[in-house]
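# Reading the structure
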4 protein chains.
Amino acid sequence: MPTAKKKTTVSATPERRRELLNTAAEVFAAQGYNATTVRRIADEAGMLAGSLYYHFDSKESMVDEILSTFLTELWDGYDAVLAAGLGPRETIEALVTESFREIDRHRAAVAIYQKESKHLAAQPRFGYLTESQQKFEKAWLGTLERGVADGAFRADLDIRLTYRFVRDTVWVAASWYRPDGHHSPEEIARQYLSMVLDGIARRD
Amino acid sequence: MPTAKKKTTVSATPERRRELLNTAAEVFAAQGYNATTVRRIADEAGMLAGSLYYHFDSKESMVDEILSTFLTELWDGYDAVLAAGLGPRETIEALVTESFREIDRHRAAVAIYQKESKHLAAQPRFGYLTESQQKFEKAWLGTLERGVADGAFRADLDIRLTYRFVRDTVWVAASWYRPDGHHSPEEIARQYLSMVLDGIARRD
Amino acid sequence: MPTAKKKTTVSATPERRRELLNTAAEVFAAQGYNATTVRRIADEAGMLAGSLYYHFDSKESMVDEILSTFLTELWDGYDAVLAAGLGPRETIEALVTESFREIDRHRAAVAIYQKESKHLAAQPRFGYLTESQQKFEKAWLGTLERGVADGAFRADLDIRLTYRFVRDTVWVAASWYRPDGHHSPEEIARQYLSMVLDGIARRD
Amino acid sequence: MPTAKKKTTVSATPERRRELLNTAAEVFAAQGYNATTVRRIADEAGMLAGSLYYHFDSKESMVDEILSTFLTELWDGYDAVLAAGLGPRETIEALVTESFREIDRHRAAVAIYQKESKHLAAQPRFGYLTESQQKFEKAWLGTLERGVADGAFRADLDIRLTYRFVRDTVWVAASWYRPDGHHSPEEIARQYLSMVLDGIARRD
DNA sequence: CATGAATGAGCTTTCATTCAT
DNA sequence: CATGAATGAAAGCTCATTCAT
């Protein structure tokens, strides 16, 4: 029998943490990180502002945990896709689909990531945001280049422009996506891919 | 030489206002409205925080003027396009091109609009943001529907999804666009349109 | 000895509020509302300016609570007098006596009321000041008229002028009254009434 | 013909000064000294805030001039009365009448004096306010004492209380007095004196 | 004389954070 | 674990005042 390390308290601490982080993420997403007061989060969680500091070191450490948890999960998915040895078109399809799944699961975190990562990344503590973004860029750019090389994608497009186009196109969806909708993430992904890959104009 | 009496100072009054608004817009775009302090804007403008209040009523009235000026100009362009009686595909092309021109001219304002309009629109003073957005939606949705009807666009796409796709695709560009680049707005518009209309996959 | 567990600190919550309001009232009365800084009140209360905002919403809400509390108590007393069915002279005597009692208990609030009510009343929030003043006028004017009618008061005086005379005469006392004096409020009231009713000239 | 010293400008400088001071006095009286902004006075005078500083050193010097001018005139009148060798009752009558005349001529200044003199007197510059008040007290108290001694006034009254009563009674009138009324200052004085000297109760 | 623009001190208020209970 | 009360830094804004033109 393993020794009961730490806390005999029944109320599983990590559960509470996650609940609180979900609450915080929702508020951050809705109002923006800076505009969100710790009091507001506490209100939403049914406690007083000061009480949050039992669970977290600071407001900053809350976003930190929200974002890093999200990115960890995101990369779990991405890495699996990238390791699967698919062709460029299939890789893009899988990455986009995976992205919409993440938006579905972590809508708030994604929204926060979109709005705040640029200025958060300035702080050393959030260095992983920059790292992630670079890894991200490498994965997408590489796949696009591979696709152009093997003829899956058109050769006449500016590759960086295309990268930005596809990237933004996907993630901005977090700003309007509502999980209660009738579109599953896979369904939305399929439609997006259809537009991105084949265009909206009718083919003759 | 008797020319140019008076005012070696460049700052005729309305000029100064515009200068200051440009400065403010740049900072708002870079740091976000809430995170931007009035002191920071003043620093950038080479004056003290209090001095800004000689020119503007409040921080809020600064964004207000920035956004409303931008939207006025935007709609001048859009209305001209919409009144031109073009076909759906040409209308989309013209709107997208016009949009990139606006991004070129008002990059900061567009970035602010993207990031802040959602929560600013909550205040009555910024009601015109909502109005503009509705007019915008109507123009784009209408054009897309027309295009589907007359066979210019594919009939198998979710029209609202497509609207969001095209809309986001264009405006998000403001977040990375730098006017000093080697791409003219028209050039970028052409590339974007090529992707949006015909897709990135190679046609057989 | 088991008695008096907990809280050697006197400050049960509502007590603290009252303490702070007393402090604030004293400063407002001494320096005027506008001229009083929140910092000054906080100093006097032994805390930092920001800390006051844990207890009160704003400087304005402090005067609000000070004045409304005072007026509530004042009208408790006045209403009792007016409901007692006394003759006009006795009513005036009772109102004046009651007034001096209020000056005794709420000297600071009365002084604030005197100095600030006129411009505070302009704001909707302080509408009750105007209401109170109208009720006040009605009560006094009515009593004076009754007194003239039944012969208790001289018929040859301008009734509005008399009203102002008596009203001011009483309340201005708040500007110099110091409760630690040797005059009880009742004593002062008696003297005032003697002057107001019978005049300062010797009767033949 | 005396040489035109200083300024050939037609617009008699001292006139302008007086106009501006009247304007300032009116605003100070209406809003209180602290609450009055220099901008407001300038607005009312049809100029910009900075321009006032051509005429006056500071906001403070404006009240200073307003109050000292008023007090100079007041004491001209008072001194004449006191030097006239009247009996106590006649002296009181004359002082009260003179006071109402001053209220008529300098309503704004009197109102300012009432509201602000206490805290202005704290500054050395306004030392004359304290002096004036002491001279004032001496004149009134002395007259009242004389009146009690020679039987003109009742002997059973607290003399200081009586002093305050009469003093306040007169000056507070400035807070409601409007010169455009149908009551001349002499008429109001007569009524006040009637109340103060003989009381408002009917004599048998 | 007046304007336009700026200064700088100080004000009210907000808010993340701390900590004894 | 949570509360109540406080801290302290910083924010937006106001205003008397200055001064070159």
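Computed from a predicted structure; not experimentally measured. (Residues numbered from 1 in each chain as written. Chains lettered and ligands numbered in written order. Predicted model: local features only at pLDDT ≥ 70, side-chain atom pairs only at ≥ 80, totals over all residues. Heavy atoms only, no water.)

## Details of the protein's contact with DNA strand E
The environment of DNA strand E is formed by 33 residues, the closest being Val38(A), Tyr53(A), His55(B), Tyr53(C) and Ser51(D). Atoms of DNA strand E within 4 Å of the protein belong to the sugar or the phosphate in 75% of instances, the rest to bases. Between DNA strand E and Lys59(A) there is a distance of 2.8 Å, counted from a phosphate oxygen to a backbone nitrogen or oxygen. Between DNA strand E and Tyr54(B), the relevant distance is 3.4 Å, taken from a phosphate oxygen to a side-chain nitrogen or oxygen of the residue. Across the surface near DNA strand E, the residue classes tally to 10 nonpolar, 18 polar and five charged. (Near = heavy atom within 4 Å. Polar contact = N/O pair within 3.5 Å; in protein donor to acceptor, adjacent residues only side chain to side chain. Nonpolar A, V, L, I, M, F, W, Y, C, P; charged D, E, K, R; others polar.)

## Thoughts on the pattern of salt bridges
Once the charged atoms of two side chains with opposite charge are near each other, the side chains can pair. One pass over the full model with this rule turns up 64 salt bridges over all chains. Close ionic contact of Asp79(D) with Lys135(D) constitutes a salt bridge, the shortest N to O distance being 3.7 Å. Remark: Lys135(D) occurs in helix H7 (residues 127–149) and Asp79(D) occurs in helix H4 (residues 59–83); sequence separation between them is 56 residues. A residue is classified by how much of its surface remains accessible, and Lys135(D), at 41% relative accessible area, is partly exposed. For the salt bridge of Asp168(D) with Arg167(D), the shortest nitrogen-to-oxygen distance reads 2.9 Å. By sharing partners, the salt bridges in this structure join Glu60(A), Asp64(A) and Arg125(A) into a single network. (Salt bridge = Lys/Arg side-chain N within 4 Å of Asp/Glu carboxyl O. Helix = DSSP H or I, 4+ residues; strand = E, 2+ residues; numbered from the N terminus. Buried < 20%, exposed > 50% of the residue type's maximum accessible area, 1.4 Å probe, protein only.)

## Topic: the UniProt feature "domain: HTH tetR-type" (unreviewed entry) in chain A
Those residues carrying the UniProt feature "domain: HTH tetR-type" (unreviewed entry) are residues 14–74 of chain A in this numbering. End-to-end, the C-alpha atoms of residues 14–74 of chain A are 21 Å apart, and along that stretch the chain is 75% helix and 0% strand. (UniProt positions renumbered as here; feature names shortened; annotations may be inferred.)

## Section: the interface of chain A and chain B
On the chain B side, the residues contacting the 36 residues of chain A number 36 residues. Both faces combined, the contact of chain A with chain B buries some 3,800 Å², and carbon together with sulfur accounts for 60% of it. Together, Arg154(A), Phe165(A) and Ile200(A) form the three largest contributors to the area buried by chain A at its contact with chain B, with a combined 20%. Counting across the chain A and chain B interface gives zero salt bridges. At the junction of chain A and chain B, the tally comes to 23 residue pairs in polar contact (both at pLDDT 80 or more). For the side of chain A that touches chain B, the secondary-structure elements that each account for two or more residues are helix H8 (159–171) and helix H9 (185–198) of chain A. In terms of residue count, the dominant contributor to the side of chain A that touches chain B is H8(A) (eight residues). The residue inventory of the side of chain A that touches chain B, partitioned by class, reads 16 nonpolar, nine polar and 11 charged. (Contact = heavy atoms within 4.5 Å. Buried area = accessible area lost by both parts, 1.4 Å probe.)

## Re the arrangement of the chains
Here chain A and chain D are not in contact; the least distance found between their C-alpha atoms is 33 Å. No part of chain B reaches chain D; the closest C-alpha pair between them is 12 Å apart.

## Regarding the UniProt feature "DNA-binding region" (unreviewed entry) in chain A
Under the UniProt annotation, "DNA-binding region" (unreviewed entry) lies at residues 37–56 of chain A. Counted over residues 37–56 of chain A, helix gives 60% and strand 0%. Its end C-alpha atoms are 14 Å apart.

## Some words on the relation of the copies chain D and chain C
With an RMSD of 0.1 Å, the operation that places chain D on chain C is a rotation of 180 degrees combined with a shift of 0.0 Å along the axis. The relationship between the two copies is best expressed as a two-fold rotation axis. Among all residues of chain D, the minimum C-alpha distance to the rotation axis is found for Gly199(D), at 1.8 Å. (Least-squares fit on C-alpha atoms with pLDDT ≥ 70 in both.)

## Details of the nonpolar core
For soluble globular proteins, the rule of thumb is that nonpolar side chains tend to be buried together. With 129 residues, the main nonpolar core has Ile200(A) and Ile200(B) as its most contacted residues. Not counting residues up to four positions away in its chain, the partners in contact with Ile200(A) are Met195(A), Leu144(B), Phe153(B), Arg154(B), Leu157(B), Thr162(B), Phe165(B), Val166(B), Val196(B) and Leu197(B). Among the nonpolar cores identified, the runner-up in size contains 128 residues, and Ala173(C), Leu197(C), Leu52(D) and Val63(D) belong to it. (Core = buried A, V, L, I, M, F, W, Y, C linked by side-chain atoms within 4.5 Å.)

## Examining the relation of the copies chain A and chain B
The transform that puts chain A on chain B rotates by 180 degrees and translates by 0.1 Å along the axis, for an RMSD of 0.2 Å. Mapped onto chain B, 100% of the interface residues of chain A are again interface residues, and the two copies thus contact each other with one and the same surface.

## Section: the interface of chain D and chain C
Facing the 36 residues of chain D at the interface are 36 residues of chain C. Between chain D and chain C lies a buried interface of about 3,800 Å² when both sides are counted; carbon and sulfur atoms form 60% of it. Contact with chain C buries surface across chain D, with Arg154(D), Phe165(D) and Ile200(D) losing the most and accounting together for 20% of the total. Listing elements by their share of the side of chain D that touches chain C, those giving two or more residues are helix H8 (159–171) and helix H9 (185–198) of chain D. Looking at the side of chain D that touches chain C element by element, the count peaks at eight residues for H8(D). For the side of chain D that touches chain C, the per-class residue count stands at 16 nonpolar, nine polar and 11 charged.

## Here's the deal with the side chain of Arg154(C)
Tracing the chain through its elements places Arg154(C) in the loop between helix H7 (127–149) and helix H8 (159–171). The buried category is assigned to Arg154(C), whose relative accessible area is 13%. Side chain to side chain, Arg154(C) and Asp156(C) meet in a polar contact 2.9 Å long. Sequence-distant contacts of Arg154(C), that is, excluding residues within four places in its chain, are made with Val148(C), Ser194(D), Met195(D), Asp198(D), Gly199(D), Ile200(D), Ala201(D) and Arg202(D).

## Here's the deal with the packing of aromatic side chains
Residues and elements named next belong to chain C. Using the criterion set out here, one finds 45 aromatic pairs over all chains in the structure. A centroid spacing of 6.5 Å and a plane angle of 80 degrees characterise the contact between Phe 70 and Trp 171, whose relative ring orientation is edge-to-face. Of the two residues, Phe 70 sits in helix H4 (residues 59–82) while Trp 171 sits in helix H8, which places them 101 residues apart along the sequence. Neither residue differs from the other here; Phe 70 and Trp 171 are each classed as buried. (Phe/Tyr/Trp six-rings, centres within 6.5 Å; stacked < 30°, edge-to-face > 60°.)

## Notes on the packing of helix H4 (residues 59–83) of chain B against helix H7 (residues 127–149) of chain B
Residue and element names in this part refer to chain B. The contact between H4 and H7 brings their axes to 11 Å, and the two run at 20 degrees. By the angle between their axes, H4 is roughly parallel relative to H7. Seen from above, H4 lies across H7 with left-handed handedness. In contact with Asp 64, Leu 67, Ser 68, Leu 71, Trp 75, Tyr 78, Asp 79 and Leu 82 of H4, H7 contributes Tyr 128, Leu 129, Ser 132, Lys 135, Phe 136, Ala 139 and Trp 140. Taken together, the residues of the contact of H4 with H7 sort by class into 10 nonpolar, two polar and three charged. (Axes fitted to C-alpha atoms, helices over the stretch in contact; angles between N-to-C directions. Parallel < 35°, antiparallel > 145°, perpendicular 65-115°, else oblique. Left-handed = near helix turned anticlockwise from the far one by under 90°.)

## A closer look at the environment of Arg16(A)
Residues and elements named next belong to chain A. Structurally, Arg 16 can be placed in helix H1 (residues 13–31). For the pair Arg 16 and Ile 159, spaced 143 residues apart in sequence, the C-alpha separation works out to 45 Å. Every residue in contact with Arg 16, bar those within four places of it in the chain, is listed here: Ala 45, Met 47 and His 55.

## Some details on helix H9 (residues 185–198) of chain C
All names here are of chain C. Compared with an ideal rise of 1.5 Å per residue, which puts 14 residues at 20 Å, H9 spans 19 Å between its outermost C-alpha atoms and is within 8% of the ideal. Among the 14 residues in H9, 10 count as buried, and that is most of the element. Backbone geometry just after H9 places Gly 199 at a positive phi near 85 degrees. (Expected span 1.5 Å × (residues − 1).)

## Observations regarding the side chain of Arg167(C)
Within the secondary structure layout, Arg167(C) lies in helix H8. Classification of Arg167(C) by relative accessible area gives buried; the value is 18%. If sequence neighbours within four positions are ignored, Arg167(C) has contacts with Phe136(C) and Trp176(D).

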